[in-house]
Each structure stands twice: as structure tokens, then as C-alpha cells.
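The primary structure of each chain is shown beneath.
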Amino acid sequence: MHNSNERWEASLRRGVFATCGAIASLLVMTSPAFAVSKNVDHVKTLPEGKWATAINFLSYGGQDVMMVTGRFGLKSYSLADPANPQLLDEITSQGLELEGDPPTDFTVSGPGGDPKSTFWQNEDMDVDQARKLVLISRDPRSYRGSTSREPGEADPNKATNIAGVYVVDAKDPADLKLLSFEQLPTGHTTTCINGCQWLWTGGPAATTKQRNTLGWTGRPLFVTDLTDPANPVGYTKPQDAVDVFRKDGVTAYSHDVQVDDMGIAWVSGDGGTRGYWTDGTHRDPIGGQTRAATPLNPIPYGGGGFEKREVADADGGFEHNAERPVGADAPSAYRSGKYLLATEEDFWDAPLGCKDRGHFIIGSLEGSFNGEAWRSTPQHKFRLKTVGSWAPYKQEGSRPAGGPYPPGADFCSAHYFDVAGSTVAYAWYGEGTRFLDISDPAKPRQIAYWRPEDTLVWASYFRKGYVYTADHVRGIDVLKLTSGAQLARASKREVAARPMSRKQRGFLARQAWVYRADPATRGLCLLIR
């Protein structure tokens, strides 16, 4: 039997729950329109791009077309009006199914969940501008697949677990045609090498067989000859693998490749980022001889893993992707090619909001040009020196550490970025797109940000005055930096919120007296005193 006070509090709590439920419903209905931002204009959102993974661009006589990939497959958009992309054509997830794949099924079991059976994943989609080709990586996890099982192995999900690369003819972007598919031991990312006559395809984690028989902890790179796009030739034997022994002597996950303006192919993955010559004649620092570099037998150039104090592990960190600005078009501090920009992807302790891991790192390549990273062992480790780093932890525009966060957008890590001059457009998953001034390598500074409450942004791209984001929840956001971003850059200070006014401080003090946290909801809702 309850006394009158208990009955009163129970009644009040039911009322509070009802109110909280109404507020929560309102937040759910209005959250896509709510964003925390500074020095950024939101131009448009393309919601049909939900579950987008990557974006790239093809130019047709000066007319841009945007290619968007994700669980849905591949979509092409005209950018005749860059503020208002118009859908031209698509190859659906159903159109990418191979014989034996479970059918496409976009059923989602719960808030923030993933569809049951779709194409996956094609991060950092590459294109061949000259031949108007789109290269699409097929991860073995496509269509209910697994990283641990081999193609053809008995699978409880009836999946094929096949990895490889699709080649799409985009000569007419309004009539996309699937030219070919080449099965490979890898399939997470694919990058054009040597003018897109060759491809390097990497990742994901190793299968059980690869671990047990080859000692791989992740999949290295495999090479495809793309001389004839309709008949690609993959080099698929274990001895054909590239970027082996990358993690202090262990063959680990080679995640992605970016090619700089000197033609150096930078391979990021478990253990760090290492660059290779893939063409021309150069000195091989490992063997000491001068020889020809090829995509199948590249020559080490430089790079390495990062220090434990920056990546919170002793193995060099999991470097997800990297860029090396170099040459006349690079910011003045970078033109010699001394610095490497790198993403460390790490979701550990996600509620801490990238406090200790998942950072953007600017590293010095000094001391790495004589094969040091290729000779690194657990006993004699070689690591790059960190010059500068940045993370959204406690920065303006960031979510409070610990949440609560919307379902599916509850983690923080650096992911893909794009560089335009000395500005970086950076995707930070649930922490949105951050714009950094990197003109001083030792002090990268935030000059603008776009963080919708429902964001899960994977990549952000500059294109002719606009920024296009691949957001797994929202779709494609079209953004534009305002003049405030340039003012923030000129100030050489991180964007900063205005100090709270005396009136606002007084208001909050009064609310703190009137309300207290309800322990039944872990403080999510309030009770009147």
C-alpha cells in the first residue's frame, strides 16, 4: 500500500513521462531540420541519398556530374545547377547482385540499424575521368556476407561472401551501364593507379582461412589490370599481394589508397600510412638497387605509423586515409612534401567524443625515406612524429561527451576529408562536417562547422564553391561556406562561441533551482521541485 506522498510522486512521474514522451516525439519529428552550425549555409538536402558512402565527380565538357554510391547502389546527378542536383540515372542494389546473392532487403530492425541485405560498401569511390568509368568496390559483407568466411564456404545467411570490383560505363551519365565485375580476395576500397590503367583494391579484415594459413590479420592490396575495362584482369594469388608486412612486420589491413601530385600512392591501414612509387625508375631502399616501379612491384617511398600518445595503441594506429599536399598548388608550408595529413579511425570509448582516439593528424615524413617503416618490428619500432592534430572533443559545435545521442549517430571518429588549398572539409560521423584551416601544420584550427543532430556523415567534398556530404542518415547535404569562415581564418583563432550573457546565466540559475533531474530517466527529464 502506498502513502499519499508516494502516490503523488508516482502521478507526477507519469505526467513527466508523458511530457517527456511528447517532447521526444517532437524532437524526432523536427530533428532533421535542427543543426548546430557556424559559417556554413545549408543549401539543400537530397534525402534519397540516405545510406550514402562516397561521392565523386566526372566532368563532361565543363559540365559536372556527381556520382553517389551507398547501400542503394550508384546514382548520377547533374550539377548544371550545383545548388540543386538533379538525378539522371542509377544502378540499384538489385542491379549489383551476383548469382547466388540473397535478394536486396532494406528492412531495418530498429532505430539506427542497417538494412538486412544490400550492396556494400565502396568507400572513397574512384573514377576514370578520361574513359568515364566508375569503379565500385564490393565488400564481402555485401548481401548478408561476412569477412570471416571464404567465397563458396557454407554460410548461415546463404551469402556468397564474394569481394571484388565492378566497372561502370558512364560515358552517358543518364544511361549508366555495368561493364564487368572482377572477383578479388579484397573489396573494401578501389583506387586508380597509373592513370587508371591499373587498380589497387584493399580490405577488409582477413577471413579465418587467411588468418590461419597466411598469418594475415587483415587483407592487403590486390592489383587489377584495367587496360580493357570490359575484361579486367585481377592478380589474385597471395604472392601477388601488395603492401604486405605493414604492421611492424605483420601483413595487416590495407584500407585505402590516395595518389598525390607526384604520383606517390599512399596506402593507409592497420599500422600506419606508407607511400610507394608505382611508375618510373627509382632507388629501392630495401634492396638498395635502382629498378623500375610497377603496380605489381612498387618501390617504397616513405611514411609509417604514429606514436602511441597520438593513436592510443602501440602498433602505429589504424590509419584510414591520408593525403600529402605537395607542389605549387599546395599551401606554402606543404609544397616540399614534408607533411602527411592522416585520419586515425578509432571508435573506442565513443561517449568520450574523440578525446583520446580517432584524431586528424598532421605528421612529419622526415626520417622515413630510407625504408624505415618497412624495417619496423615490435622490438625496433619506427614511428612518424606528430606535428599537429585536431579532434572535435570540447570544440565549439560538438556534442556533450557521454550523450545522449540519436540512435545510429552515437560515435565519433575522424573519417574521410577533402583538401582545397589550406582548407580541409572533414567528416566526423556523429560530430558532423568540420572545416579546418591547416595553413600552419602545427596548429590546425576550426573555422566553420555543420552538425545536424541526426548526422552520420562519412565524407565531405569541395566542388566549385559548394560542399557535398555523404551522410548515412540524412542523404546528401549541399553546403556553402560563408564569408565568416574567411574571417575566422584571418583571425588565426579557433571559432568560439560568444560568452553567456548575465541575463542568460541568471535564467539558468533560476531553472536549476526550480527543476531537478528525475533518477528514473537517468536525468533525461526533469521534475518540478
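Structure first, text after, so check above.
Residues numbered from 1 in each chain as written. Predicted model: local features only at pLDDT ≥ 70, side-chain atom pairs only at ≥ 80, totals over all residues. Heavy atoms only, no water.

### Comments concerning the overall build of the protein
And then number 1: Scanning the protein from terminus to terminus reveals six helices and 35 strands.
And then number 2: Burial analysis of the protein (529 residues in total) assigns 53% to the buried set.
And then number 3: When the accessible surface of the protein is split by element, carbon and sulfur atoms take 54% of a total near 22900 Å². (Helix = DSSP H or I, 4+ residues; strand = E, 2+ residues; numbered from the N terminus. Buried < 20%, exposed > 50% of the residue type's maximum accessible area, 1.4 Å probe, protein only. Areas by Shrake-Rupley, 256 points an atom, 1.4 Å probe, with all protein chains shown as cover.)

### Things to note about the pattern of salt bridges
Proximity of charged atoms lets side chains of opposite charge pair with each other.
And then number 1: Under the definition given, this model contains 29 salt bridges.
And then number 2: One salt bridge in this structure joins Asp169 and Lys171, with 3.7 Å as the shortest N-O distance.
And then number 3: The salt bridge involving Glu307 is made with Arg309; its shortest N-O contact spans 3.2 Å.
And then number 4: A residue is classified by how much of its surface remains accessible, and Arg309, at 61% relative accessible area, is exposed. (Salt bridge = Lys/Arg side-chain N within 4 Å of Asp/Glu carboxyl O.)

### Points about unusual backbone geometry
Negative phi characterises most residues that are not glycine, and trans characterises most peptide bonds.
And then number 1: The peptide bond linking Trp120 to Gln121 adopts the cis configuration, its omega dihedral lying at 15°.
And then number 2: Turning to its location among the elements, Gln121 is positioned in the loop between strand E8 (115-117) and strand E9 (126-128).
And then number 3: The linkage connecting Gly203 with the following residue, Pro204, adopts the cis geometry, with an omega of -5°.
And then number 4: Within the secondary structure, Pro204 is located in the loop between strand E14 (198-202) and helix H2 (208-214).
And then number 5: A positive phi angle is found at Trp51, which is not glycine, with a value near 70°.
And then number 6: Summarising the element assignment, Trp51 is placed in the loop between strand E2 (40-46) and strand E3 (52-60).
And then number 7: Positive phi is not limited to glycine here, since Ala312 has a value of about 60°.
And then number 8: Classification of Ala312 by relative accessible area gives partly exposed; the value is 25%.

### Considerations on helix H5 (residues 483-491)
And then number 1: Here H5 has its buried residues at Gly484, Ala485, Ala488 and Arg489. Within H5, the buried residues cover an arc of 145° as seen down the axis, which keeps them to one side. Of the residues in H5, the exposed ones pointing more than 90 degrees away from the buried face are Ser483, Leu487 and Ala490. (Arc of directions from axis to C-beta.)

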